[in-house]
Structures are given as C-alpha cells and as structure tokens.
Amino acid sequence: MSTFNEIKEKDEDIRKLVNEIEQFSVWIFSHHSNSLPRASKVIHDSVWGTHRYQPYEIALINTPLIQRLRQINQTAGTYLTYPSARHTRFEHTLGVTAQISNLINALKEKFSKSSKQDLLSEELHRTLRMAAVLHACGHGPLSHTSEEIYRTLPAIKKLIKVDPFKSAGRGEILSYLTIDSNCFQNILECITTSSNVNINIELLKNSIVGYAARKDEAYKIDMLHGPFDADKIDYLFRDGHFSGLPLQIDLDRLWFSLDINRVDGSQRLTIDWGGASSLEQILFSKMTMFPTVYHHHKVRACDCMFKGIIEYIQNHSDLFLKRIIGTTEIVLDFKSPAHYLFLTDNDLYDWNLAKKDNGLHTLVHNLIYRRILKRAIVISRDTIEKDWRYNSDNYQKYVAEPIEKDGLDFYRWLAKEIWQEADRPGLIEELWVDCPKDPDFNEANETWISPLGEGQDPMAITEFFNIDKYADQYKQSKWRSHVFCKEEYRSVVAEATKKIFKKEFDIDFKPLAFHLCHLTPPSS
C-alpha cells in the first residue's frame, strides 16, 4: 500500500500541491520575525474560562499562520441565520488546546499511583497542545464550505486514499502539508530551540490527520482525533453556545471516567462504564446540531451562495486574484486546494473584488446583505413518492464518492440541467442542488468501554448503544436536500426540477415537497 512519502515526488498532482503549499508558507511568513514572549500568557475564553499558554505556544499563536484564523468563521455563514454565531477558527484553536490539557490532566490524576502514568510524558503533553494550536491552520474561507469545493480536485482525491490521510478531513490534509513545509519547519525549529523544548513533529502531524503510525500510539491520536477528542468537545460546545443552543454534556463525568487500555493490540483511549452516558450525550449533541444548525436550509443556502462566488470567479479568468511572493506572481484560479489558503472570509467580502464585475458584485452583495437564495423544492423521505430509500440512495450516492459528468461535479451538472430546462433563469451560479452528506457517527464503532472486571476485554459502546439505529432514523426523519434559486424563479425551477428528477432518478415528488417551500405544486 502506497503512502504519502512514497508518492509525493512521483505523482504530478500531489507534487504540484506540495510545492504550492510551500509557496503559501513562504508568503504567509514573508513579514514575520520570531519573537519569544518572556513569560506565559493567560487568555480568557467565553466558553471555557481562563487558561494559560506557554511562551512557545504564544510564539506560535502570534504567527500569521494562526492569526489568519481570526478572519475565518468557524461555522461559515451560519451567523446569517444565528446572528451570534460569529466565533472563528482562532477561538476554536485556543479552546481545543485547553481541552487537550483537561483530558491529559484528568488521566494523570487517575494514573498518579499506577504504572500507566508512564504513558503520559511531558513531551506528549507539549506535542498535543502544539498540534491543537495548529490543527485548523489548513482551513480556507468559510471553513468546511471551502472543503466542499476542493474535495473533488485530483490531488485531494488521491491523498485521501493513502496513509496518513485515510481518516483525515480535507482541511486537516492541508494543515498537515503546511506543517510539513520547509518554511514552517524552520519557523517551528526556531521556536522550540529558543524555548529549549522537545516536540515530536511526526506525532504532531499524525494526530491532526488521525493516523497512528504504531499501535502503541493510538491513544495519543485519540486525544485530538478520536471519538471523544478535544476537537469534538470544543466545537460542539462552542457552536452550540454561540448559536444560542447550549448543549448538555457532563464533562466532569467524562474526565473522571477516562482510561487507557489495550484494544485489539492497540493502546486506545477508553472510558469507564459509568461515563458511558457522557459519550451518549456527545453523540446526541452531534445529532442535534446537524439538522438544527449545520444543515439548516438557510445555512446551506448561504454555503451555496459562497460557492457561487468562487464558481463565478473560476468561470471568468479576468477576475482571478493574485498574490506576490518575492518576484513571483501567484494566480489564484481556485483549481488548486492550496489557493484557498491565500484567502480568508474578509477577502471574499472585499468591495474591490466585487467592483471588478457586475455579476460578481451582485453575488457578493447578496450574500453580505442576506438576500438569501430560496428553496424551490425539498427532497426527503417525506417528500418522495414510492421507494424512498432506493431512489434517494441513487440520488445521494455521489456525495460520498464524487464523480464528474460533462466536466462538472455531478450535482453542478444536475443544477445546470435544471437551469437549462427552466430556460436559464438568472445566473447559473445562483441555482444549486444541495445534497448534504449524512452526519458521520462512525466514531461510535471506535469508542470503547473499559474492562468491566479483572481479565475482561474492553467492549465497543455499540454493544450497549445502537448508533446505527439512530443514524438510520436521522436519515429517515431529519435529512433534507434542496434546490435553491432566486425567489423570483422558484416556480419555474420547481417545475424543471420535477422533470429532471423524474428523468434522472425516476423520482416523483409529493405535493409536500413544494408546500414546504410555500409553493403551489407544478401541474405538469
């Protein structure tokens, strides 16, 4: 089986991406000079309270690579639906770092009189905290919304098939590659050398993408990239808090119940039976956040509007953005995942960009001032006639395994078919077939209950908690897909959607599919 190190020089797409990431690193650090604070700093967070960061962590936090995260919203355009959801990747980064310490300190206290205390070295603690600081550095504008665009690009499609990226999110892959760049390695070496601290750089990178190079390191990876890791705990609490939907998770019980045990030959992070309810709370919280926040139809419509801006720029070469690195000019055509790193949310809302073209001005202006695309049809179990599961699976299958048709992503091709059937109403960049991916609850299969007695083995939480049943229930009762367009075109788009879905998927819609959009069902 090939690995990243084996193919990064052989594969042209991957080699090009690695070189472009190196260019980004040189660009982002072009005006930076390392400076180590004299002492640690205390930072107050509205979710977790006060937390202390060491001088070498502050030196890293103060770099432009991390500071740019202040300009990237954690939940993309959610604030246009939940106004207080203005928190950024930067606050999330600090929160994950704090939770890593809470997790490790809870284990240290539990193992204080046990031989297991040797599993928790100070170097491990430092490394995972530094990984937490860096884990989100590969995100582009509007966080995960950018990933939905570049996930189909050749280099990404190849990388997710090899170690160490098989379990990684697309943004996590870019974080790994940025940390792996020569420019960043020099920055990190200066920080650690001047601070006289040791960091396990391979573990740092692997913990971000969820790859355990050795079985005895699996528990270390679990702390940042596992079923109940510091990242998940922070984003669920933080997103819920700022959306005005606070979640109830008994963290004290979770910390008290943590353990490390051998599972199928690997050392894994486990939890005592008494803390299983906390794990259920985490899974239920995730289940709650998806339909309420992440997949809310107005939030998804805003995501489509952002993607429309990027697509419009891609379709008009005179609008390509540029960055200067020394004497080299980088043209950002968004056909490389690395190009998204050169931008933040602020860049896409820049009026100087919008003034270049009337169409682009309209797209940007509509998103900024919340002239949100409207629903023309709702696609769900409740709105599809006949065999819902068979037909919806045929429609939804290209989310997990993207394909192209006529040179377009399948769902963009489908939107274009609807647009043409409706006699091309408005801009194609303002008509979207939005088919969100099902929430991933597979972490339950990697969640282990500590041995219940002497000589017993850890047990998967799925033996006590049937997550597949809940995931299936979510798909049947909560999952929604939509076709979005401008309000004045909804009727013609609804009629065109009905015809195209019958032709492509043999799907017929109930009147409810249109009533939910406050439309009269098409007669034809």
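Please refer to the structure placed before this passage.
As the structure is a prediction and not an experimental result, all values here were calculated from the model.

Definitions and limits used
Residues numbered from 1 in each chain as written. Predicted model: local features only at pLDDT ≥ 70, side-chain atom pairs only at ≥ 80, totals over all residues. Heavy atoms only, no water. Axes fitted to C-alpha atoms, helices over the stretch in contact; angles between N-to-C directions. Helix = DSSP H or I, 4+ residues; strand = E, 2+ residues; numbered from the N terminus. Parallel < 35°, antiparallel > 145°, perpendicular 65-115°, else oblique. Left-handed = near helix turned anticlockwise from the far one by under 90°. Contact = heavy atoms within 4.5 Å. Nonpolar A, V, L, I, M, F, W, Y, C, P; charged D, E, K, R; others polar. Salt bridge = Lys/Arg side-chain N within 4 Å of Asp/Glu carboxyl O. Buried < 20%, exposed > 50% of the residue type's maximum accessible area, 1.4 Å probe, protein only. Expected span 1.5 Å × (residues − 1). Polar contact = N/O pair within 3.5 Å; in protein donor to acceptor, adjacent residues only side chain to side chain. Phe/Tyr/Trp six-rings, centres within 6.5 Å; stacked < 30°, edge-to-face > 60°. Lys NZ or Arg CZ within 6 Å of the ring centre and 35° of its normal. Arc of directions from axis to C-beta. Pairing = 2+ DSSP bridges.

Whenever I open this one, the packing of helix H5 (residues 89-110) against helix H13 (residues 230-243) confuses me. Can you help?
For any two helices packed against each other, the geometry comes down to the angle between their axes and how far apart the axes lie. Axis separation between H5 and H13 bottoms out at 8 Å; the angle between their running directions is 130°. On the basis of their axis angle, the class for H5 and H13 is oblique. In the packing of H5 onto H13, the handedness of the crossing is right-handed. Contacts between H5 and H13 pair Glu91, His92, Gly95, Val96, Gln99 and Ile100 from the former with Ala230, Asp231, Ile233, Asp234, Tyr235 and Arg238 from the latter. Considered class by class, the residues forming the contact of H5 with H13 number five nonpolar, three polar and four charged.

What is the right way to look at the pattern of salt bridges in this model?
Charged atoms that come close allow side chains of opposite charge to pair. Taken as a whole and judged by the stated rule, the model has 32 salt bridges. Salt-bridge contacts for Arg268 lead to Asp222; the nearest nitrogen and oxygen are separated by 2.9 Å. With Arg268 in strand E4 (residues 266-271) and Asp222 in helix H12 (residues 218-222), the pair connects residues that are 46 residues apart, well separated along the chain. Residue classification places Arg268 among the buried residues on the basis of a relative accessible area of 12%. Taking the relative accessible area as the measure of exposure, Asp222 reaches 5% and is therefore buried. Between Glu495 and Lys499 there is a salt bridge; the shortest N-O distance is 4.0 Å. One end of the pair is Glu495 and the other is Lys499, both in helix H23 (residues 490-505) and four residues apart, which spans about a single turn. One salt-bridge network, held together by shared partners, links Glu148, Arg300, Asp303, Lys307 and Asp434.

Explain helix H2 (residues 12-28) here, please?
Each turn of an α-helix holds 3.6 residues, which means side chains three or four residues apart point in the same direction. A rise of 1.5 Å per residue sets the reference length of H2, with its 17 residues, at 24 Å; its end C-alpha atoms lie 24 Å apart and thus fit the reference within 8%. On its buried face, H2 sits against helix H1 (4-7), helix H4 (64-67), helix H8 (154-159), helix H9 (170-180) and helix H10 (182-195). Measuring from the backbone nitrogen of Asp13 back to the side-chain oxygen at the start of H2 gives 3.0 Å, which picks out Asp11 as the cap.

How should the packing of aromatic side chains be read in this particular structure?
Centre distance and the angle of the planes are the two values used to describe a pair of aromatic rings. Scanning the model with the defined rule gives 21 aromatic pairs in all. Residues Phe410 and Phe505 carry aromatic rings whose centres are separated by 6.2 Å and whose planes lie at 70° to one another, so their mutual orientation is edge-to-face. With Phe410 in helix H21 (residues 410-421) and Phe505 in helix H23, this residue pair connects regions lying 95 residues apart in the sequence. With relative accessibility at 8%, the residue Phe505 sits in the buried group. Here the aromatic cluster, defined as three or more aromatic residues joined through ring pairs, consists of Tyr395, Tyr398, Phe410, Tyr411, Trp413, Phe501, Phe505, Phe509 and Phe514. Just above the ring of Phe90 sits the side chain of Arg70; from NZ or CZ to the centre is 3.9 Å. Positioned above the aromatic ring of Tyr79 is the side chain of Arg86, whose terminal nitrogen or guanidinium carbon lies 3.7 Å from the ring centre.

Help me understand the packing of helix H15 (residues 276-294) against helix H22 (residues 467-477) in this model?
Running from N to C, H15 and H22 cross one another at 10°; their axes reach a closest spacing of 12 Å. In terms of axis orientation, H15 runs roughly parallel to H22. The residues of H22 that touch H15, namely those facing Leu283, Phe284, Met287, Phe290 and Pro291, are Ile467, Tyr470 and Tyr474. Classifying every residue of the contact of H15 with H22 gives eight nonpolar, no polar and no charged.

What am I meant to see in helix H19 (residues 358-368) here?
For H19, the full list of buried residues reads Gly359, Leu360, Leu363, Val364, Asn366 and Leu367. The buried residues of H19 occupy one face: seen down the axis, they fall within an arc of 160°. Two or three places before Gly359, at the start of H19, stands the capping residue Asp357, its side-chain oxygen 2.8 Å from that residue's backbone nitrogen. At the C-terminal side of H19, Arg370 shows a positive phi close to 60°.

Which parts of the structure should I look at to understand unusual backbone geometry?
The linkage connecting Asp163 with the following residue, Pro164, adopts the cis geometry, with an omega of 10°. Tracing the sequence through the fold places Pro164 in the loop between H8 and H9. We note that Phe334 has phi near 65°; this positive angle belongs to a residue other than glycine. Relative to the assigned elements, Phe334 resides in the loop between strand E6 (328-332) and helix H17 (345-348). The phi dihedral of Arg370 is positive, around 60°, even though this residue is not glycine. The residue Arg370 is located in the loop between H19 and strand E7 (374-379) in this model. Residue classification places Arg370 among the partly exposed positions, given a relative accessible area of 37%.

What exactly am I supposed to notice about the pairing of E6 here?
Both faces of the sheet carry side chains from a regular strand, because those side chains alternate between them. Here strand E5 (residues 321-325) pairs with E6 via five bridges, running antiparallel. Residue pairing across strands places Arg323 opposite Ile330, the latter belonging to E6. Between E5 and the antiparallel strand that follows it, E6, lie two residues; Gly326 among them carries a positive phi value of about 65°.

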